[in-house]
Amino acid sequence: LGICASLYALMCLVITGMVPYSLIDVHAPFAMAFQTHNLHWVSSIVSVGAIAAITTSLLLSMMGQPRIFMVMARDGLLPPWFADVSKRFGTPANASLFSGAVTGILGVMLDINLLAQLVSIGTLSIFCGVNLGLIVSRWTPKRATWAQRLPPLKRAAALLLSCFAFAIDYRARNARISWFGALSLIAVIASTASFKTIPMVNAPPPTRFAAPFVPVLPAVGVLLTSILIAGLGALAIIRYVVYTTVCAIAYITFATSRVISEQSTRRVDDARVCQPRLWASSVPTSPTSTPAIEMPRLDAERPVQILGGAV
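Definitions and cut-offs
Residues numbered from 1 in each chain as written. Predicted model: local features only at pLDDT ≥ 70, side-chain atom pairs only at ≥ 80, totals over all residues. Heavy atoms only, no water. Helix = DSSP H or I, 4+ residues; strand = E, 2+ residues; numbered from the N terminus. Buried < 20%, exposed > 50% of the residue type's maximum accessible area, 1.4 Å probe, protein only. Contact = heavy atoms within 4.5 Å. Core = buried A, V, L, I, M, F, W, Y, C linked by side-chain atoms within 4.5 Å. 1 Å grid on protein atoms, 1.4 Å probe; cavity = no way out; pocket = protein on both sides within 12 Å on 5 of 7 lines; lining within 4 Å. Points joined across faces, edges and corners; volume = space filled by probe spheres on them. Nonpolar A, V, L, I, M, F, W, Y, C, P; charged D, E, K, R; others polar. Expected span 1.5 Å × (residues − 1). Axes fitted to C-alpha atoms, helices over the stretch in contact; angles between N-to-C directions. Parallel < 35°, antiparallel > 145°, perpendicular 65-115°, else oblique. Left-handed = near helix turned anticlockwise from the far one by under 90°. pLDDT = per-residue confidence, 0-100. Patch = residues over 30% accessible without salt bridge, like charges linked within 9 Å, V, L, I, M, F, W, Y side chains within 5 Å. Areas by Shrake-Rupley, 256 points an atom, 1.4 Å probe, with all protein chains shown as cover. Salt bridge = Lys/Arg side-chain N within 4 Å of Asp/Glu carboxyl O. Phe/Tyr/Trp six-rings, centres within 6.5 Å; stacked < 30°, edge-to-face > 60°.

J.: I keep staring at the overall build of the protein chain and nothing clicks. Help me out?
T.: Regarding its fold elements, the protein chain presents nine helices and four strands. Traced from its N-terminal end to its C-terminal end, the protein chain shows the element sequence α-α-α-α-α-α-α-α-α-β-β-β-β. Counting the 311 residues in the protein chain, one finds 22% classified as buried. Intrachain contacts of the protein chain at a sequence separation of at least 6 include 58% that bridge at least 24 residues.

And the structure:
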């Protein structure tokens, strides 16, 4: 991660040294930068490398997403159809077909700029969530009750709201800080400092590498990603909120119904195992006699499952 970040920083230094910042072509920055210096052969090599990099990234995404669907289906969070594995290739066939079909349809029907905005805001929201999750995980016990989770969650929500308030105002005023932006920035600092008022229960051991400067560094990450998200525009944010809400409702609805169905099936199976069976005795008995009860027979070599345990 450090090597990649260093390479990106060096690339930024190189391109800003070749071309003024205001004249950089956002569609093909390095290729056009070399063309401005009449290095067309270098520009061709850079263009070929960019195509190869984009193709590799798309293939990696197409390989990773079907496997995520497969694991979610195995856990009961998606329909079992996604968990089918090809007997010949050993790959998630149905999930791969679904991912490829959806990707192809979206690529053909939607505008490339719209797709770029959706991908960008989705990636940035993940980065923002990772930063927030890091802070919350440091201040939340491993087996915490809801009351123990509330203090860090409240502080994280205050940090997120103050970051977005500053980001929206900052973008709306063309990178200028108004009095509202200044107040929002003060709220960002205050919400970050508020984590120091509660004990850090999950501090990493000194012998193991962990993210440093928590909660300051993750809070800066939340602020920067919020500024980038706000820069995508109101329509991109509205689209993201709409499709995220729809997907979340569908996902939660299916997962909840699946869990309830499995729990009811398990209770029925446990009741069948523990239910005694009545048998009529071959010996003549009086009409008022009580029939005998046959208890489940126990096999010496195989345990009997009763109420989730073995006997």
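J.: Could you clarify how one ought to interpret the nonpolar core in this entry?
T.: Nonpolar side chains in soluble globular proteins tend to end up buried together. Core analysis: the largest hydrophobic core is formed by 19 residues, its most contacted members being Trp 139, Leu 159 and Cys 163. When contributions to this core are tallied by element, the ones reaching two or more residues are helix H5 (112-138), helix H6 (146-172) and helix H8 (216-230). Not counting residues within four places of it along the chain, the set of residues in contact with Leu 159 comprises Leu 132, Ile 135, Val 188, Ser 191, Thr 192 and Ala 219. Core analysis: the next-biggest nonpolar cluster, separate from the first, contains six residues, Phe 69, Ala 73, Phe 82 and Ala 83 among them.

J.: Is there a simple way to think about the layout of surface pockets in this case?
T.: Regions of empty space are outlined by a rolling probe, equal in size to a water molecule, passed over the atoms. One number sums up the size of the second largest pocket: a volume of about 170 Å³. Around the second largest pocket, the lining residues are Ile 121, Ser 125, Cys 128, Gly 129, Leu 132, Phe 164, Ile 229, Ile 237, Tyr 240 and Val 241. Counting only elements with at least two residues in the lining of the second largest pocket, the list comes to H5 and helix H9 (234-274). The leading source of residues in the lining of the second largest pocket is H5, at five residues. When the residues that make up the lining of the second largest pocket are grouped by side-chain class, the tally is eight nonpolar, two polar and no charged.

J.: Would you mind showing me how to read H8 here?
T.: Residues lying three or four places apart along an α-helix face the same way, a consequence of the helix completing one turn every 3.6 residues. Over its 15 residues, H8 extends 21 Å from the first C-alpha to the last, a length consistent with the 21 Å expected when each residue adds 1.5 Å. Of all the positions in H8, only Pro 218, Ala 219, Gly 221, Val 222, Leu 223, Thr 225, Ser 226, Ile 227, Ile 229 and Ala 230 are classed as buried.

J.: Would you take a moment to explain the packing of helix H3 (residues 40-74) against helix H4 (residues 93-109) for this structure?
T.: Between two packed helices, both the angle of their axes relative to each other and the distance between the axes serve to describe the pair. At their nearest, the axes of H3 and H4 sit 8 Å apart, and the two run at 125° to each other. In terms of axis orientation, H3 runs oblique to H4. The handedness of the crossing between H3 and H4 comes out as right-handed. Facing Met 62, Gln 65, Pro 66 and Phe 69 of H3, the residues of H4 in contact are Ala 95, Ser 96, Phe 98, Ser 99, Gly 100 and Thr 103.

J.: Honestly, the confidence of the model for the protein chain in this entry has me stumped. Any pointers?
T.: If pLDDT is low for a region, its predicted coordinates should not be looked at in detail. Per-residue confidence for the protein chain gives a mean pLDDT of 84; residues scoring 70 or more make up 86%. Throughout residues 278-283 the model reports pLDDT below 50, and contacts reaching past four residues in sequence, or to other chains, amount to six contacts. Of the regions scoring below 50 in pLDDT, residues 292-311 engages in 26 contacts with residues more than four places distant in sequence or in other chains.

J.: Would you mind going over a nonpolar patch on the surface with me for this structure?
T.: Judged by side-chain polarity, Trp 81, Phe 98, Val 102, Ile 105, Leu 106, Val 108, Met 109 and Leu 110 come together as a nonpolar surface patch covering roughly 770 Å² of accessible area. Locating Val 108 in the fold gives a position in helix H4. Given the relative accessible area of 73%, Val 108 is considered exposed.

J.: Looking at this structure, I do not really get the environment of Val 48. What am I missing?
T.: Tracing the backbone shows Val 48 in helix H3. Judged by its relative accessible area of 56%, Val 48 falls in the exposed class. Remark: the alpha-carbon pair of Val 48 and Ala 31, spanning 17 residues in sequence, is separated by 9.8 Å.

J.: Any chance you could explain the pattern of salt bridges here in plain terms?
T.: In total, this model carries one salt bridge according to the counting rule given. One salt bridge in this structure joins Arg 173 and Asp 169, with 2.8 Å as the shortest N-O distance. Look at Arg 173 and you get partly exposed, because its relative accessible area is 40%.

J.: Would you explain the packing of aromatic side chains in this entry?
T.: What describes a pair of aromatic rings is the distance from one ring centre to the other and the angle between the planes of the rings. All told, the structure shown has eight aromatic pairs when counted by the stated rule. For the ring pair Trp 81 and Phe 82, a centre distance of 5.2 Å and an interplane angle of 85° mean the geometry is edge-to-face. Residue class for Trp 81 comes out partly exposed when judged on its relative accessible area of 41%. Residue Phe 82 is classed as buried on the basis of its relative accessible area of 11%. Pairing Trp 179 with Phe 180 gives two aromatic rings, centres 6.1 Å apart and planes at 85°, and the pair type is edge-to-face.

J.: Help me understand the packing of H5 against H6, please; the structure alone is not making it clear to me.
T.: Contact geometry of H5 with H6 gives a least axis separation of 10 Å together with a crossing angle of 145°. Crossing hand, H5 versus H6: right-handed. Of the residues in H6, those touching H5 at Cys 128, Leu 132, Ile 135 and Val 136 are Pro 152, Leu 153, Ala 156, Leu 159 and Leu 160. In the contact of H5 with H6, the residues fall into nine nonpolar, no polar and no charged.

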